Amino acid sequence: MAHILTLNAGSSSLKFGVFEAGDEPAELVAGLIENIGSPDAHMRLKSEAGAVLEDRDLSSVEGADHGGALKAALAVLKAHVSGLDVVSIGHRVVHGGMEFSEPAKLTADTIAQLEELVPLAPLHQPANLTGIHAAIAAFPGVTQVACFDTAFHRKHPFVQDTFGLPKEYYDKGVRRYGFHGMSYDYIAGALADMSPELGMGRVIVAHLGNGASMCGMKGGVSVSSTMGFSALDGLPMGTRTGQLDPGVMLYFMQQEGLSADEISDLIYKKSGLKGMSGISNDMRTLEASDDPAASEAIDYFCSRIQREIGGLAAAIGGVDALVFTGGIGENSVTIREKVCTGMEWIGITLSNDLNATRGETVISAADSPVQVMVIPTNEELVIARAAAKLA
Ligand code: AMP
């Protein structure tokens, strides 16, 4: 049987999945290796149904780098997937720059193009490329495909793609790229399958996870994203600031004397829910806390989402559906309720009963003009589909 391997390489992690190849790839197993390059390197593998198949520390050799991690992953995959036969590999790549509006086959030329995009995503693109090089070394001759977080948003109209900077910067690529594209792509497809009418409609999707963004789409095409040039803009996230007045950056540099690296550390790793609460980036922990700082962080998170609903609705000319997805969007009854409270003016009326019922897709009241929905995302499936298509 032919298989598709999906890989998502982070700076110290490697997510991997195996799908049965076919018109619609079917997931068999999914794994995660964390803390690559540290003595704490660890691997977990789960079946499609969620059963834990492997949960173990890696040796210092296996966990030393992405190449070793991939070898360790392949060894367990061979043990758990009978007749493993990888015919194509799909990679998650954070940045496709101005060029890539679709997944692309990885050749020497496309890899060189992706390397040129490192300055646009200096924290993530190099890790993605490391994963690509490790996979090419392990599977020479197998088709490898890159899927980009930015690609789904490349059809934005100019006004949603630009900043108010001198034009030369736009031409150089200082644009609002938007991210989480695979998640939005999945939701657009799932929505069109559920309801062709909504698939053609004006839809706001809130991808609320440790990283969080929102997308306004019309007819399944992204018109506007809350994330911009980097994955920092828009909503506050687990540890990232979200929208920040650029004047604050000047203040950090000129008054606080912070270096670029110090500012990067502050706005990527020490801010958002974690920085505001002083407790955690994990929404479950904040929801369980009675510390007022935890409530303040949650209130800010929800109020930014409400604000972005207004802004995105203006960009797409109204709203027919609001879709929650991502770890928080799919699981937190409280956050969905807080976000929808007071939004009747735009046509959003939640059903508290449906919202509290696990597994419900439509959670709005029967007479709500806007359908509020919960749709679990599946970014890996989007990668596997692209790898199958281009193989
Ligand atoms: P993700 O990055 O999509 O995996 O989402 C991770 C986020 O989802 C973390 O902040 C988790 O705390 C949050 N999350 C997962 N399950 C729940 C839940 N039942 N209630 C609230 N937040 C949750």
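Residues numbered from 1 in each chain as written. Predicted model: local features only at pLDDT ≥ 70, side-chain atom pairs only at ≥ 80, totals over all residues. Heavy atoms only, no water.

Formed by 55 residues in total, the largest nonpolar core has its most connected members in Leu114, Leu208, Phe301 and Ile309. Tallying contributions element by element places helix 12 (residues 292-316) first for this core, with 10 residues. If we skip the residues at most four places from it in the chain, Leu208 touches Leu235, Phe301, Ile305, Phe324, Thr325, Gly326, Gly327, Ile328, Gly329 and Ile335. Ranked by size, the runner-up nonpolar core spans 27 residues in total, among them Ile4, Tyr184, Cys215 and Ile383. (Core = buried A, V, L, I, M, F, W, Y, C linked by side-chain atoms within 4.5 Å. Buried < 20%, exposed > 50% of the residue type's maximum accessible area, 1.4 Å probe, protein only. Helix = DSSP H or I, 4+ residues; strand = E, 2+ residues; numbered from the N terminus. Contact = heavy atoms within 4.5 Å.)

With that settled, the discussion passes to the site of the ligand. Near the ligand, the surroundings consist of Gly209, Asn210, Asn281, Asp282, Met283, Arg284, Glu287, Gly326, Gly327, Ile328, Asn331 and Ser332. Take Gly327: an N or O atom from its main chain is 2.9 Å from an oxygen atom of the ligand. Out of a free accessible area of 500 Å², the ligand has 70% covered by protein chains. Elements with a contribution of two residues or more to the shell around the ligand: helix 11 (283-288) and helix 13 (326-331). Among the elements that line the shell around the ligand, the one with the most residues is helix 13, at 4 residues. Here the shell around the ligand is built from residues that sort into 2 nonpolar, 7 polar and 3 charged. (Near = heavy atom within 4 Å. Polar contact = N/O pair within 3.5 Å; in protein donor to acceptor, adjacent residues only side chain to side chain. Areas by Shrake-Rupley, 256 points an atom, 1.4 Å probe, with all protein chains shown as cover. Nonpolar A, V, L, I, M, F, W, Y, C, P; charged D, E, K, R; others polar.)

Time to look at the layout of surface pockets. In this structure, the second largest pocket spans a volume of roughly 870 Å³. The wall of the second largest pocket is formed by 29 residues, among which Phe163, Phe229, Ser230, Leu232 and Met249 lie closest to the centre. Residue contributions to the lining of the second largest pocket peak at 5 residues, all from helix 9 (residues 260-269). In terms of residue class, the lining of the second largest pocket is made up of 20 nonpolar, 8 polar and 1 charged. (1 Å grid on protein atoms, 1.4 Å probe; cavity = no way out; pocket = protein on both sides within 12 Å on 5 of 7 lines; lining within 4 Å. Points joined across faces, edges and corners; volume = space filled by probe spheres on them.)

Any two aromatic rings considered together are summarised by their centre-to-centre distance and by the angle between their planes. Enumeration over the complete set of coordinates arrives at 4 aromatic pairs. Ring geometry for Phe100 versus Phe148: centroids 4.7 Å apart, planes at 20°, classification stacked. Of the two residues, Phe100 sits in the loop between strand 6 (86-93) and strand 7 (104-105) while Phe148 sits in strand 8 (residues 143-148), which places them 48 residues apart along the sequence. A relative accessible area of 10% places Phe100 in the buried class. Here the aromatic rings of Phe158 and Tyr170 are separated by 5.0 Å at their centres, their planes lie at 75°, and the arrangement is edge-to-face. One end of the pair, Phe158, is in helix 4 (residues 158-161); the other, Tyr170, is in helix 5 (residues 167-172), with 12 residues separating them in the sequence. In this structure Phe158 comes out as partly exposed when scored by relative accessible area, which is 45%. Here Arg175 stacks its cationic end above the ring of Tyr170, 3.8 Å away from the centre of that ring. (Phe/Tyr/Trp six-rings, centres within 6.5 Å; stacked < 30°, edge-to-face > 60°. Lys NZ or Arg CZ within 6 Å of the ring centre and 35° of its normal.)

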